[in-house]
Amino acid sequence: METTIPLTKSTGLLRAKDVAQRLNISRSKAYQLMQSGDIPTVRFGGSVRVLECDLDDFIHQSRIGGN
């Protein structure tokens, strides 16, 4: 299934360690969120990455008590 990414959003690719740093969590917790599908991933070869815009969406959707 092919997905088109809007050009207006950031399309940088993040590693699990980058996700962990941005969320202030352990790298293993970042992997768990990625593996469970809570944070969408891009897979190619043996690599797993997260689009910056997907991480931003995850953070936005995870907010409590705000818009």
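Use the structure listed above.
Student: How would you summarise the overall build of the chain if you had to cite specific residues and measurements?
Tutor: Along the chain, the regular secondary structure elements total three helices and three strands. The secondary structure elements of the chain, listed N-terminal to C-terminal, are β-α-α-β-β-α. Looking at the chain residue by residue over its 67 residues, the buried ones come to 22%. Relative to all contacts within the chain whose residues are 6 or more apart in sequence, the contacts with residues 24 or more apart total 48%. Summed over all atoms, the accessible surface of the chain reaches about 5,100 Å², with 47% contributed by carbon and sulfur.

Student: So what about unusual backbone geometry? Which residues, and what values?
Tutor: Even without being glycine, Asn24 reaches a positive phi, approximately 55 degrees. Considering the arrangement of structural elements, one finds Asn24 in the loop between helix H1 (16-23) and helix H2 (27-36). Of the residues examined, Asn24 reaches a relative accessible area of 72% and is grouped as exposed.

Student: Break down the pairing of strand S3 (residues 47-51) for me, with residues and values.
Tutor: Pairing of strand S1 (residues 13-14) with S3 involves two bridges; the strand directions are antiparallel. Residue pairing across strands places Leu14 opposite Val50, the latter belonging to S3. In terms of strand pairing, strand S2 (residues 42-44) meets S3 through three bridges, oriented antiparallel. In the strand pairing of S3, Phe44 is matched with Ser47.

Student: For the sheet that holds S2, give the residues involved together with the corresponding values.
Tutor: Pairing is antiparallel in the open sheet, where three strands are placed in the order S1-S3-S2. Sheet topology places S1 and S2 at the edges, where each strand pairs with a single neighbour. Contacts from helix H3 (residues 52-62) reach S1 and S3, with the element oriented near 60 degrees to S3.

Student: Explain the pattern of salt bridges to me, using residue names and the numbers behind them.
Tutor: A complete count under the given rule lists two salt bridges for this structure. Residue Arg22 pairs with Glu52 through a salt bridge whose shortest N-O separation is 3.9 Å. Of this pair, Arg22 sits in helix H1 while Glu52 sits in helix H3, placing them 30 residues apart in sequence. Among the charged side chains, a network of salt bridges with common partners joins Arg22, Glu52 and Asp56.

What counts and what doesn't
- Residues numbered from 1 in each chain as written.
- Predicted model: local features only at pLDDT ≥ 70, side-chain atom pairs only at ≥ 80, totals over all residues.
- Heavy atoms only, no water.
- Helix = DSSP H or I, 4+ residues; strand = E, 2+ residues; numbered from the N terminus.
- Buried < 20%, exposed > 50% of the residue type's maximum accessible area, 1.4 Å probe, protein only.
- Contact = heavy atoms within 4.5 Å.
- Areas by Shrake-Rupley, 256 points an atom, 1.4 Å probe, with all protein chains shown as cover.
- Pairing = 2+ DSSP bridges.
- Axes fitted to C-alpha atoms, helices over the stretch in contact; angles between N-to-C directions.
- Salt bridge = Lys/Arg side-chain N within 4 Å of Asp/Glu carboxyl O.

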